[in-house]
Amino acid sequence: EAGVAQSPRYKIIEKRQSVAFWCNPISGHATLYWYQQILGQGPKLLIQFQNNGVVDDSQLPKDRFSAERLKGVDSTLKIQPAKLEDSAVYLCASSELAGFYNEQFFGPGTRLTVL
Amino acid sequence: DQQVKQNSPSLSVQEGRISILNCDYTNSMFDYFLWYKKYPAEGPTFLISISSIKDKNEDGRFTVFLNKSAKHLSLHIVPSQPGDSAVYFCAAIKWGQLTFGSGTQLTVLP
């Protein structure tokens, strides 16, 4: 079974530029998550999708971050414009369903460096 | 507001000995607690979990203990192996959402 795929694996940009990350979840997984992991910290949930609808985006900085999940499968996360403090690893995860307890499977992440 | 805390950023243990990783939490409404393991340049992978109504769960070399009165859980690895060297994240679930601690880097010395 293929795991969660993410691209690119690494990205270096200058502040005020735009960047987009792509995620392909495990086939059949209805729920998709984007996390931000800053160096020395644990992953922090940015947004959760159930199929192609947003379940929770309360921690997404909506002035600069946006995310979509078209057709309930792949997802993209965009930052526009980037700030220095956006330097982090962006992790995508998926699970069969949301709810009480469903194991989340993580992709390898995209490491973003903002100069 | 850090609801899940791992106060030890790093831990070194000799191969064959026991590794004990600790985690504290503040929210008594968490339903499940999990441990994830992370190697460099990879995403976290699920290791073991425990329901909030249990006090112990064991899976091979890994055992998780939950002390609800102290709001504390720990992961025991016995015996520790060099391949166990990784960052270990404690996480808690409420309403299906994970809250992670900051991680502990475990180094198992040969």
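Attention in this report is confined to the structure presented alongside it. (Residues numbered from 1 in each chain as written. Chains lettered and ligands numbered in written order. Predicted model: local features only at pLDDT ≥ 70, side-chain atom pairs only at ≥ 80, totals over all residues. Heavy atoms only, no water.)

Quick look at the environment of tyrosine 32 of chain B
Residues and elements named next belong to chain B.
Logical step 1: When you line up the elements, tyrosine 32 lands in strand β4 (residues 32-38).
Logical step 2: Taking relative accessible area as the criterion, tyrosine 32 reaches 18% and is therefore assigned buried.
Logical step 3: For tyrosine 32 and proline 79, which are 47 residues apart along the polypeptide, the C-alpha to C-alpha distance reads 25 Å. (Helix = DSSP H or I, 4+ residues; strand = E, 2+ residues; numbered from the N terminus. Buried < 20%, exposed > 50% of the residue type's maximum accessible area, 1.4 Å probe, protein only.)

Quick notes on the sheet that holds strand β3 (residues 19-25) of chain B
All names here are of chain B.
Logical step 1: As summarised here, the arrangement of the five strands in space is β1-β3-β8-β7-β6, forming an open sheet in which the pairing is antiparallel. The open sheet has two edge strands, β1 (4-5) and β6 (56-59), and neither has a second partner.
Logical step 2: The pairing of strand β7 (residues 62-67) with strand β8 (residues 72-77) spans six bridges and is antiparallel. Among the inter-strand pairings, leucine 66 is bridged to a residue of β8, identified as leucine 73. (Pairing = 2+ DSSP bridges.)

Comments concerning the interface of chain B and chain A
Logical step 1: In this assembly, 20 residues from chain B lie in contact with 21 residues from chain A.
Logical step 2: In this assembly, chain B packs against chain A so that about 1,600 Å² is buried in total across both faces, 58% of it on carbon and sulfur atoms.
Logical step 3: Considering only the side of chain B, the residues that lose the most area to chain A are Pro44, Gln97 and Phe100 of chain B, jointly responsible for 27% of the buried surface there.
Logical step 4: One can count zero salt bridges joining chain B with chain A.
Logical step 5: If you look at where chain B meets chain A, you find five residue pairs in polar contact (both at pLDDT 80 or more).
Logical step 6: Broken down by secondary-structure element, the contributors of at least two residues to the side of chain B that touches chain A are β4, β5 (45-51), β9 (86-94) and β10 (97-100) of chain B.
Logical step 7: In terms of residues, the side of chain B that touches chain A owes the most to one element, β4 of chain B, which gives four residues.
Logical step 8: Partitioning the side of chain B that touches chain A into residue classes produces eleven nonpolar, six polar and three charged. (Contact = heavy atoms within 4.5 Å. Buried area = accessible area lost by both parts, 1.4 Å probe. Salt bridge = Lys/Arg side-chain N within 4 Å of Asp/Glu carboxyl O. Polar contact = N/O pair within 3.5 Å; in protein donor to acceptor, adjacent residues only side chain to side chain. Nonpolar A, V, L, I, M, F, W, Y, C, P; charged D, E, K, R; others polar.)

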